[in-house]
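Listed below are the residues making up each chain.
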Amino acid sequence: MVEKRFMTLADVGEVLNISSSQTYALVRSGELPAIQVGGRGQWRVETHVLEEYIARAYEKTAATAREGMHTEHA
């Protein structure tokens, strides 16, 4: 079975367990890169781009947690 290269925003929202409006906001802000395809301008996110976004989110969360730990002990 071939892995899909692109995901719809609905698919992305399902993976991240967020609403469609939250998913669209991530794309519109540029935080989650996406392309528009077709005559109706449907948004698509590459699978590897979503995985990179998730990895960045983990890094950002870890950095925030570390900063919070330093602040609490100061």
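Residues numbered from 1 in each chain as written. Predicted model: local features only at pLDDT ≥ 70, side-chain atom pairs only at ≥ 80, totals over all residues. Heavy atoms only, no water.

Trainee: Looking at this structure, I do not really get the environment of Glu51. What am I missing?
Mentor: Mapped onto the secondary structure, Glu51 falls in helix H3 (residues 47–73). Along the chain, Glu51 and Val27 lie 24 residues apart, while their C-alpha atoms are 14 Å from each other. (Helix = DSSP H or I, 4+ residues; strand = E, 2+ residues; numbered from the N terminus.)

Trainee: So what exactly am I meant to see when it comes to the sheet that holds strand S1 (residues 6–8) here?
Mentor: Strand order in the open sheet formed by three strands is S1-S3-S2, and the pairing between neighbours is antiparallel. Either end of the sheet is taken by a strand with one partner, and the two such strands are S1 and strand S2 (35–37). Across the sheet, the mean angle separating the axes of adjacent strands is 45 degrees when strand polarity is ignored. Alignment of S1 against strand S3 (residues 42–46), held across three bridges, turns out to be antiparallel. The residue of S3 that forms the bridge with Thr8 is Arg44. In the packing of helix H1 (residues 9–16) onto the sheet, contacts are made with S1 and S3, and the angle to S1 comes to roughly 85 degrees. (Pairing = 2+ DSSP bridges. Axes fitted to C-alpha atoms, helices over the stretch in contact; angles between N-to-C directions. Contact = heavy atoms within 4.5 Å.)

Trainee: Any chance you could explain the nonpolar core here in plain terms?
Mentor: Most often, soluble globular proteins have nonpolar side chains that are buried together. Core analysis: the biggest nonpolar cluster contains 11 residues, these being Met7, Leu9, Val12, Leu26, Val27, Leu32, Trp43, Val45, Val49, Leu50 and Tyr53. Secondary structure elements with two or more residues in this core: H1, helix H2 (20–29), S3 and H3. In terms of residue count, the dominant contributor to this core is H3 (three residues). In this structure, Leu26 is in contact with Leu16, Ile18, Glu31, Leu32 and Tyr53, ignoring residues within four places of it in sequence. (Core = buried A, V, L, I, M, F, W, Y, C linked by side-chain atoms within 4.5 Å. Buried < 20%, exposed > 50% of the residue type's maximum accessible area, 1.4 Å probe, protein only.)

Trainee: Is there a simple way to explain the side chain of Thr47 in this structure?
Mentor: Looking at where Thr47 falls in the secondary structure, it is placed in helix H3. Those residues in contact with Thr47 that lie beyond four places of it in its chain are Glu3, Lys4, Arg5, Phe6 and Met7.

Trainee: Whenever I open this one, the environment of Leu16 confuses me. Can you help?
Mentor: Topologically, Leu16 is positioned in helix H1. Once the C-alpha coordinates of Leu16 and Ile54 are considered, the two residues, 38 residues apart in sequence, prove to be 8.7 Å apart. Sequence-distant contacts of Leu16, that is, excluding residues within four places in its chain, are made with Leu26, Leu50, Tyr53 and Ile54.

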